[in-house]
Amino acid sequence: MKVYSGKSVFGGVAIGKICVYKKTEQLVRREKITDVEAELARFEEARERAIEQLKGLYEKALKEVGEVNAAIFDVHQMMLEDEDYNESIRNIVGNQKVNVEYAVAQTSDNFAQMFASMDDDYMRERAADVKDISERLLTVLGENDFEKGMSDGVKGEGREAKEPVIIVADDLAPSETVQLDKDMVLSFVTVHGSLNSHTAILARTMAIPALIGTPLPLDETVDGKLGIVDGVDGTIYVEPDEETLAKMKEKQRGELEKKEMLQTLKGRETVTVDGQKLMLYANIGNIKDLATVMQNDAGGIGLFRSEFIYLESEHYPTEEEQFQIYKQVAETMAGKRVIIRTLDIGADKQCDYFEMEHEENPALGYRAIRICLTRPEVFKTQLRALLRASIYGKIAIMYPMITSMEEIKRIKEIVREVRKELDTEGLRYGEPEQGIMIETPAAALISDELATEVDFFSIGTNDLTQYTLAIDRQNTKLDEFYDAHHPAILKMIRMVVENAHGAGIWAGICGELGADESLTREFLAMGVDELSVSPGSVLPIRKIVLETNVQEYQARLR
Ligand code: PEP
Ligand code: MG
């Protein structure tokens, strides 16, 4: 038995087969070849396999996400049949006598550039598709598929799931995490990563045991072996001995019992002993998370990270695609508030098709509302979908990374334009509440002014801590300095809540700190109106609220 310790991201105990996740590194070298015929035959074979994979994906997507969303795999098949694309690859192989991988990479660059420079939006988006099909070809050629990097437990493209597994990886980007089949993942363990990264947040949303910063080898001593992840203690056991296995099974049972006990709190109002009500909502990143939201009886959705729709897509999600998702969330939540945050791409959340330039300091860079305000066509597509969907439920729109009144004015102007356009087109839309995230010190400090312009505040403590303490939330080395309980943060939260109430609006917390059970009483005492937490944290927080007497708590502090 080997034992490794890491930092716990989410509690619980997972027992199952370990699957080492290896990243695809599509590093393509130019190699001289002598047998052109054989190289071209490799290309044909890879092309046929890629087309087969896409057919499988189309069928799967058709069943799971409908025809509109499945269509992309059809488009990719057609692109792989495109004679210009194929001829270019064959010509490079034949004329330069080089390996097919190099020819694919060259063709991909040339075609992607050509598409990217076109005027038509639709054609520009095809640049990402060319890259995508080329990567698929390279993957097939190199047998180093993203999913193929996984052992059998994880369902990937064209692969059948056998059993859910514990994923062990060096690190996982949010875009990689969202692509995993969630039913097939028992737990995440990463060597790197930080407690406040979006991958950690996704693990919390999935409510599965997860560890980061766990120094374990990513080789055959781990891959395929039985593992136990103890998310309570931050430990992973590889090939556990009988005694540990028995002990951990017992602990797992205990954890399940605790969960069951919490189930009895379902249906109860979240109100303190002395009658202070709290809106207790859930954070989601995906429509599939709705099941856990319902299971945990959240009073609404306090943060739908809509950028994950973009991260999961291979092209800009269309208005119709987005509309269907927002409508479904609104309808499922049946009149409960659903706060959808507009696109917060950038920093650690990168989408290839946005084609963003490299930045030295992406967390301080071109992200979130800054992209929306400078690329209004992208912003407007989302706003149209949101406004139209808001007639199907209680949708509220929330804008991220706000720093100034000027930004709010510009947002409002764009919203006005979108409404006018919808009017002209005769399309129906609702009047959703509009709020902002308070996640920059600038916004916290001028929250008295901002409060006069919006319907609500939601404090994003993840970024607020990062920007206030000047600590990169992605940097695992800094986790020990990332003090979310820092007096400066608590002072700002208090101030933001006071300023919100002064202007007659409500204020909540949707950053990870909202789920910190050691602060729940403090937040209630500050008058925080809403907490939005990962679905698995809803019932534990409700339990604390039900047991709290705020006035007594405040009297004790005095
Ligand atoms: C935050 O910054 O606290 C927040 C909720 O947004 P995100 O974690 O997605 O940046
Ligand atoms: Mg944030």
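For the structure, check the block above.
Here is a short report on the structure shown in this document. Since the model is a prediction, treat every value here as computed from it, not as a measurement.

### Focus on the sheet that holds strand E9 (residues 279-284)
Piece 1. Ordered in space as E9-E10-E11-E12-E13-E14-E15-E16, the 8 strands form a closed barrel in which the pairing is parallel. Between one strand axis and the next, the sheet turns through 25 degrees on average, direction left out of account.
Piece 2. Both strand E10 (residues 301-305) and strand E11 (residues 337-341) contribute to a ladder of 3 bridges, which runs parallel. Following the sheet pairing, Ile-301 is matched in E11 by Val-338.
Piece 3. Of the strands in this sheet, E10, E11 and strand E12 (394-399) touch helix H10 (residues 319-332), which is tilted by about 160 degrees from E10.

### As for the packing of aromatic side chains
Piece 1. Under the definition given, this model contains 9 aromatic pairs.
Piece 2. Ring geometry for Phe-323 versus Tyr-392: centroids 5.9 Å apart, planes at 70 degrees, classification edge-to-face. One end of the pair, Phe-323, is in helix H10; the other, Tyr-392, is in the loop between helix H12 (376-389) and E12, with 69 residues separating them in the sequence.
Piece 3. Classification of Phe-323 as buried rests on a relative accessible area of 7%.
Piece 4. Consider the rings of Phe-379 and Tyr-399, whose centres lie 6.1 Å apart with planes at 80 degrees: the pair is edge-to-face. With Phe-379 in helix H12 and Tyr-399 in strand E12, the pair connects residues that are 20 residues apart, well separated along the chain.

### A few points about the site of ligand 1
Piece 1. Near ligand 1 there are 16 residues, and of these His-198, Arg-305, Arg-341, Asn-462 and Arg-473 occur at the shortest range.
Piece 2. Contacts to ligand 1 include Arg-341, whose side-chain N or O atom sits 2.8 Å from an oxygen atom.
Piece 3. Relative to its unbound accessible surface of 290 Å², ligand 1 loses 100% to contact with the protein.
Piece 4. Breaking the shell around ligand 1 down by element, the ones donating at least two residues are helix H6 (198-206), E10 and helix H16 (461-469).
Piece 5. The element contributing the most residues to the shell around ligand 1 is H16, with 3 residues.

### Some points on the coordination of the magnesium ion (ligand 2)
Piece 1. Summarising the metal site, the magnesium ion (ligand 2) is bound by the protein donors Glu-439 (OE) and Asp-463 (OD), whose distances to it range over 2.0 to 2.1 Å. Placement of Glu-439 in the loop between strand E13 (433-438) and helix H14 (441-445) and of Asp-463 in helix H16 is noted, with a sequence separation of 24 residues between them.

### Description of the pairing of E10
Piece 1. With 5 of 5 residues buried, E10 is to be regarded as a mostly interior element.
Piece 2. Of the pairings in the sheet, the one linking E9 to E10 comprises 3 bridges and is parallel in character. In the strand pairing of E10, Ala-282 is matched with Ile-301.
Piece 3. Note that the unit made of E9, helix H8 (residues 290-295) and E10 has a crossover that is right-handed.

### Section: the side chain of Ser-447
Piece 1. Considering the arrangement of structural elements, one finds Ser-447 in helix H15 (residues 447-450).
Piece 2. Take Ser-447: its relative accessible area is 0%, and that puts it in the buried class.
Piece 3. Separated by 2.9 Å, the side chains of Ser-447 and Asn-499 make a polar contact.
Piece 4. Filtering out sequence-adjacent residues up to four positions away, Ser-447 remains in contact with Phe-457, Met-495, Val-496 and Asn-499.

### Structural notes on the pattern of salt bridges
Piece 1. Within the structure shown, the criterion is met by 39 salt bridges.
Piece 2. For Glu-417, the salt bridge identified is with Lys-380, shortest N-O distance 2.9 Å. In this pair, Glu-417 is assigned in helix H13 (residues 405-425) and Lys-380 in helix H12, connecting sequence segments 37 residues apart.
Piece 3. Judged by relative accessible area, which is 32%, Glu-417 ranks as partly exposed.
Piece 4. Here Glu-421 makes a salt bridge to Arg-384, at a shortest N to O gap of 3.8 Å. Placement of the pair is Glu-421 in helix H13 and Arg-384 in helix H12, with a sequence separation of 37 residues.

### A short note on the environment of Asp-274
Piece 1. With respect to the helices and strands, the residue Asp-274 is situated in the loop between helix H7 (242-263) and E9.
Piece 2. Not counting the four nearest positions on each side in its chain, Asp-274 is found in contact with Thr-548, Asn-549, Val-550 and Gln-551.
Piece 3. Within polar-contact distance, the side chain of Asp-274 engages the backbone nitrogen of Val-550 at 3.0 Å.

### Let's talk about the packing of H10 against H12
Piece 1. Taken N-terminus to C-terminus, the directions of H10 and H12 make an angle of 35 degrees; their axes are 8 Å apart at the nearest point. For H10 against H12, the interelement crossing comes out right-handed. Facing Glu-319, Glu-320, Gln-322, Phe-323, Tyr-326, Lys-327 and Ala-330 of H10, the residues of H12 in contact are Thr-381, Gln-382, Arg-384, Ala-385, Leu-386, Arg-388 and Ala-389.
Piece 2. Here the contact of H10 with H12 is composed, by residue class, of 6 nonpolar, 3 polar and 5 charged.

Rules and cut-offs
Residues numbered from 1 in each chain as written. Chains lettered and ligands numbered in written order. Predicted model: local features only at pLDDT ≥ 70, side-chain atom pairs only at ≥ 80, totals over all residues. Heavy atoms only, no water. Pairing = 2+ DSSP bridges. Helix = DSSP H or I, 4+ residues; strand = E, 2+ residues; numbered from the N terminus. Axes fitted to C-alpha atoms, helices over the stretch in contact; angles between N-to-C directions. Contact = heavy atoms within 4.5 Å. Phe/Tyr/Trp six-rings, centres within 6.5 Å; stacked < 30°, edge-to-face > 60°. Buried < 20%, exposed > 50% of the residue type's maximum accessible area, 1.4 Å probe, protein only. Near = heavy atom within 4 Å. Polar contact = N/O pair within 3.5 Å; in protein donor to acceptor, adjacent residues only side chain to side chain. Areas by Shrake-Rupley, 256 points an atom, 1.4 Å probe, with all protein chains shown as cover. Donors = N, O, S within 2.8 Å, 3.2 Å for Na, K, Ca; no water. Right-handed = clockwise from strand over helix to strand, strands pointing away. Salt bridge = Lys/Arg side-chain N within 4 Å of Asp/Glu carboxyl O. Left-handed = near helix turned anticlockwise from the far one by under 90°. Nonpolar A, V, L, I, M, F, W, Y, C, P; charged D, E, K, R; others polar.

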